[in-house]
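Breakdown of the fold
One-letter residues, chain by chain:
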Amino acid sequence: MTTVQTPRKEESQTGTVRKRLTPTQKIAIRKVLAHAFLIGFIILVLVPFIMVISASFRKGNFAPSELIPDKISLEHWKFVLGIPYQEVVNPATGETRIVKAATPPLLWFWNSIKVSFIASAGIIFLSGSAAYGFARLYFKFRSATLGTLLILQMFPMVLALVAFYVILDFTGQYIPWLGLNTQPGLIMIYLGGISSYIWMIKGYFETIPPSMEESARIDGATQFQTFIRILLPISAPIFAVVFILAFIGYMSEYPVASVVLQSSDNWTLAVGANSFLYEQEKLWGRFSALAVLSGVPITVIFLLCQRFIVGGLVSGGVKE
Amino acid sequence: MTKGSPLSLVIVALVALPALYLDFVLYQAGTGWIALIFLIIIALFVFVYLSPSAYTFRYLFPGLFGFALFVIFPLLYTVLISFTKYSSQNLLPLERVISLLRQETFSTGGSTFQYKLFKQSDTQYILYLQDEKDPARRFASDPFDLTVSTGSHAISLLDPQPLQPLPPGQQPPGQPLEMPQVTRAKLFIPMRGRQFVLPDDKLVSMEGLQKFSTRDRLWILNPDRTLTNRKDGTIIRPDFRTGFFVNEKGQRYGVGFRVFSGFENYMRIVTDPRIQGPFVRIFVWTVTFSALSVLSSFGVGVLIAVILEWKEVRFRGIYRTLLILPYAVPAVLSILIFKGLFNQEFGAVNEFLRAMFHFAPEWETNPWGARVMLLLVNVWLGYPYMMLISTGMLQSIPVTIYEASAIDGSNPLKDFYHITLPLIIPPLLPILISSFAFNFNNFNLIYLLTAGGPKMVGGGIAGETDLLVNYTFNIAFRDSGTNYGLASAVATLLFIIVGTLAWINLRMSGRRI
């Protein structure tokens, strides 16, 4: 820092800052500034996460506010994992009770994984085959249909809740496992959100020259075979991207899940995590433990697949 | 598979046959129209997957079908509801309201019956009646469920149970219950709420503990859908403007029913000051919030991306990974974490500000504090995405341009404004617009962070930080709201706004689709 400040002082006296600095000095200043800025920003990014980890180990249910917990306790982790633990009810008499979650919160995480995984797999199937139709086959109103898909998808899911309720209420009368308060019902509704993924996959398909498929056709492969055997394997990266994006999106979906799933053993992570934060009683400790437990694996998966995702975002979104 | 191989035939049959059976069940359950539409869909499915001429659509059918059911149908349904009066006051369809009114009875002093309950299973019973004056008149019901329902109104919503005459000498199956068993609350309470209907359309229900007596329906249904009161001759008719049954003086009877109301809901948004006032304010805030969110997260994202592209900076890989974190963590969790950090009294943010600057903003109770907090959190959530996509664009700018400008004596700031921004903004514009549209409907952030609060003074269920989509949700689902009609009208307007944005976006980006 000292090397940076000395030239500055000279400038403030003369008033002609930049011209006096040698190019190497300029670059040095800029480098320091760049590092300082990035580190400052990273602190802003990391502090909330560190505080949540700390709150999950802190005794009592306090809002995340300390970097290192003052009184360490594993009670929240035990609660979240469904392990019974002793809690002092009355400090004066030393009376204790055993606390155990009625529905282990870990179950919500598992429910979320199940729902998101199946829904994302379904999305891959639906949007992948549709994208093939749009990219490789020709039919009337092709571009009009594509445009319509994109525009209609702008209707927010939250506002369709009344209709979703009606649909699931109806299906539940005839197929009980597909009605309200069922995870298959929720998955079914999630499968509607395919159009942006169709666009992404279609954009990727179009970057692949059709010549390979054409020569396979000449060798006697059917259209379906060229799709399954040639196009799909080449397009694996975009499917990975779509899967991860869809998966993360569904892990975070709150409003529809909160209306469809009513009983707590069916809840997804988002609904369950929010249930700890009632207006009257906010159980920050339990929430933090659940957040850390479920946030970490997803974050790690995302970071591992980072390269794919960035490539997919750029190719699918920006391609002209 | 093109020419209908045996395998494809089997697969089509495996899907179509259960579907046809389901359709048959639907038809039997009396949902004729839905069964018909379902049948058409099945036929379409078979045609698409077996006819070579529909080959293209084999790839599109599953996706488009799901889209039609879960996007297009809800959309049309919402638009339809927006033209009706449909709220907690006008909840049921007209037919249900008529049948509810028709369940109202008055005592006629007609026949009285002795009764017995025949137990069939744990919850199923048959009611047996014998006329006190004419013991040959005996009736029995079909087995019916008798359990205490939790809601008291649920009982009155049950349709009367039909009774059939019992041929002489025949007894209903099962064991008759003894009187003490019948009078237990578990049976007696649901029994008291039940009505039964004789073959001559007279209703019977319990009178006291020991007897059933005939009661006449209070209202006679006339062919023109009016109802006549048999006690005093009043005629009430459905008023399709208010959605209630009224007499000549305009007095309301019974519960309301859903009615077509044309543009009434839309007119309310424009003219009713209680809705129009909050609507305009919320609209302005929604636009401001979306625009500021996009601009600031794009600004931060580009800035970081540019710095990270500078080859002289070391540890760029680590920086980038750490800076993506807010995008990688599920947003629901991050939002709730911030709810804790921004807690007005005990939150980390205010503790820090108090310690450093003796200053503690009211993030929860002051509208401006809440708005600033939302924007800060949204930038934190949104900049990594902007950073990722601008990185992609930056990498496609040839280095030679910067080298040339360096020879002309440029500096990084000038480069940024004169080369970088002009080069990356046009191709990123579609993404910026769709990001605007996303934030326009960013329900989760508001709902989980502030729940719309603080409340708007004189705005009813509107909150100062509500976006239009949250406001709509409040009108439809919050306790004091439940006005589905009005909510659907706002939703339709919202869709028009965002749909137009998407259309413009498509026009700008898609020279070729």
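The rules behind these values
Residues numbered from 1 in each chain as written. Chains lettered and ligands numbered in written order. Predicted model: local features only at pLDDT ≥ 70, side-chain atom pairs only at ≥ 80, totals over all residues. Heavy atoms only, no water. Helix = DSSP H or I, 4+ residues; strand = E, 2+ residues; numbered from the N terminus. Rg over C-alpha atoms; globule rule 2.2 N^0.38 Å. Buried < 20%, exposed > 50% of the residue type's maximum accessible area, 1.4 Å probe, protein only. Contact = heavy atoms within 4.5 Å. Areas by Shrake-Rupley, 256 points an atom, 1.4 Å probe, with all protein chains shown as cover. Lys, Arg positive; Asp, Glu negative; His and termini not counted. Charge placed at Lys NZ, Arg CZ, Asp CG, Glu CD. Salt bridge = Lys/Arg side-chain N within 4 Å of Asp/Glu carboxyl O. pLDDT = per-residue confidence, 0-100. Patch = residues over 30% accessible without salt bridge, like charges linked within 9 Å, V, L, I, M, F, W, Y side chains within 5 Å. Pairing = 2+ DSSP bridges. Buried area = accessible area lost by both parts, 1.4 Å probe. Polar contact = N/O pair within 3.5 Å; in protein donor to acceptor, adjacent residues only side chain to side chain. Domains from an automatic or database assignment. Phe/Tyr/Trp six-rings, centres within 6.5 Å; stacked < 30°, edge-to-face > 60°. 1 Å grid on protein atoms, 1.4 Å probe; cavity = no way out; pocket = protein on both sides within 12 Å on 5 of 7 lines; lining within 4 Å. Points joined across faces, edges and corners; volume = space filled by probe spheres on them. Nonpolar A, V, L, I, M, F, W, Y, C, P; charged D, E, K, R; others polar.

Right, let's talk about the overall build of chain A for a bit. If you tally the helices and strands in chain A, you get 16 helices and two strands. For chain A, whose C-alpha radius of gyration is 27 Å, the value lies well above the compact-globule estimate of 20 Å for 320 residues. Across its three principal axes, chain A shows a C-alpha extent of roughly 75 × 75 × 35 Å. Sorting the 320 residues of chain A into buried and exposed places 52% on the buried side. Pairs at least 24 residues apart make up 62% of the contacts formed inside chain A by residues separated by at least 6 positions. Summed over all atoms, the accessible surface of chain A reaches about 15,200 Å², with 65% contributed by carbon and sulfur. Here chain A carries 25 positive and 17 negative side-chain charges, and the mean point of each set is 10 Å from the other.

Glancing now at the environment of L106 of chain A. Residue and element names in this part refer to chain A. On the secondary structure map, L106 appears in helix α5 (residues 106–136). The sequence separation of L106 and V158 amounts to 52 residues, and the corresponding C-alpha distance is 26 Å. Discounting chain neighbours no more than four positions away, the residues touching L106 are V80, L81 and L293.

Positionally, T56 of chain B belongs in helix α3 (residues 55–81). On the accessibility criterion, T56 of chain B (16% relative accessible area) is buried. Contacts of T56 of chain B, omitting those with residues within four sequence positions, involve L137, Y138 and F139 of chain A.

Residues and elements named next belong to chain A. According to the stated counting rule, one finds eleven salt bridges over all chains in the structure shown. Close ionic contact of K202 with E206 constitutes a salt bridge, the shortest N to O distance being 3.5 Å. One end of the pair is K202 and the other is E206, both in helix α9 (residues 195–207) and four residues apart, which spans about a single turn. Judged by its relative accessible area of 4%, K202 is buried.

Before going further, it helps to examine the confidence of the model for chain B. Residues and elements named next belong to chain B. Per-chain confidence: chain B averages 84 in pLDDT, with 95% of residues scoring 70 or above. At the level of individual helices and strands, chain B shows its lowest average pLDDT in helix α5 (residues 153–156), which scores 42, and its highest in helix α16 (residues 443–449), which scores 92. Long-range and interchain partners of residues 150–156, a stretch whose pLDDT sits below 50, account for five contacts in this model, where long-range means more than four residues apart.

Our next topic: a nonpolar patch on the surface. Residues L17, L20, W33, I34, L36, L39 and I40 of chain B make up a contiguous nonpolar surface patch of about 710 Å² in total accessible area. Only α1 (6–28) and α2 (32–50) of chain B provide two or more residues apiece to the nonpolar patch.

Our next topic: the pairing of strand β7 (residues 161–165) of chain B. Pairing of strand β5 (residues 138–141) of chain B with β7 of chain B involves three bridges; the strand directions are antiparallel. Residue pairing for β7 of chain B: F139 of chain B is matched across the bridge by P165 of chain B.

Each partner contributes to the interface: chain B provides 96 residues, whereas chain A provides 92 residues. At the boundary of chain B with chain A, total buried surface from both sides reaches about 8,400 Å², with 81% on carbon and sulfur atoms. Summed over the shared surface of chain B and chain A, the result is zero salt bridges. The tally of links from chain B across to chain A stands at eight residue pairs in polar contact (both at pLDDT 80 or more). Among the elements that line the side of chain B that touches chain A, the one with the most residues is α3 of chain B, at 20 residues.

All names here are of chain A. For chain A, the domain assignment lists domain 1 (25–72), domain 2 (74–102) and domain 3 (105–314). Each of domain 1 and domain 2 has a C-alpha centre, and these two points are 31 Å apart. Listed by partner, the interface residues are seven residues for domain 1 and four residues for domain 2. Regarding the contact of domain 1 and domain 2, the summed buried area is about 460 Å², with carbon and sulfur atoms giving 50% of it. Sorting the residues of domain 1 by area buried against domain 2 places S56, F57 and K59 first, and these three jointly supply 64% of that buried surface. Where domain 1 meets domain 2, there are one salt bridge.

A separate point is the packing of aromatic side chains. Tallying each qualifying case throughout the model produces 49 aromatic pairs over all chains. Ring geometry for F118 of chain B and Y128 of chain B: centres 5.9 Å apart, planes at 80°, overall edge-to-face. With F118 of chain B in strand β3 (residues 105–119) and Y128 of chain B in strand β4 (residues 124–131), this pair connects stretches of sequence that are ten residues apart. The pair formed by F118 of chain B and Y128 of chain B is uniform in burial state, with each residue classed as buried. Here the aromatic rings of F436 of chain B and F440 of chain B are separated by 6.0 Å at their centres, their planes lie at 40°, and the arrangement is tilted. Placement of the pair is F436 of chain B and F440 of chain B together in helix α15 (residues 412–440), with a separation of four residues, close to one helical turn. Using a relative accessible area of 18% as the deciding quantity, one classes F436 of chain B as buried. Joined through ring pairs, the aromatic side chains of F49 of chain A together with F338, F342, W363 and W380 of chain B make up one cluster.

Moving on, we come to empty space enclosed by the protein. The full count for this structure, using the stated rule, is three cavities of 30 Å³ or more. Here the largest cavity defines a volume of roughly 80 Å³. For the largest cavity, the lining is made up of 13 residues, of which L159 and V162 of chain A together with T472, A476 and A487 of chain B are closest to its centre. Every element with two or more residues in the lining of the largest cavity is listed here: α7 (161–174) of chain A together with α17 (468–477) and α18 (484–509) of chain B. By residue class, the composition of the lining of the largest cavity is ten nonpolar, three polar and no charged.

Residues and elements named next belong to chain B. Strand order in the open sheet made by the five strands is β12-β13-β14-β15-β16, with antiparallel pairing throughout. Among the strands making up the open sheet, the edge pair consists of β12 (219–221) and β16 (252–253). Judged from the two bridges that link them, strand β13 (residues 227–229) and strand β14 (residues 235–239) form a sheet pairing that is antiparallel. Residue pairing across strands places L227 opposite I236, the latter belonging to β14.

It is worth spelling out helix α11 (residues 331–341) of chain B at this point. With ten of its eleven residues buried, α11 of chain B lies for the most part within the structure. What α11 of chain B keeps buried is the set V332, L333, S334, I335, L336, I337, F338, K339, G340 and L341 of chain B.

By the assigned domains, chain B splits into domain 1 (6–88), domain 2 (105–217) and domain 3 (270–512). Computed from C-alpha coordinates alone, the two centres of domain 2 of chain B and domain 3 of chain B are separated by 63 Å.

Let us now look at the pairing of strand β2 (residues 95–99) of chain A. Residue and element names in this part refer to chain A. As defined by bridge partners, strand β1 (residues 85–90) adjoins β2 across five bridges and the pair is classed as antiparallel. Considered in β2, the bridge of V88 is made with T96. Linking two consecutive strands that pair antiparallel, namely β1 and β2, is a turn of four residues; a positive phi of about 75° is found at G94 within it.

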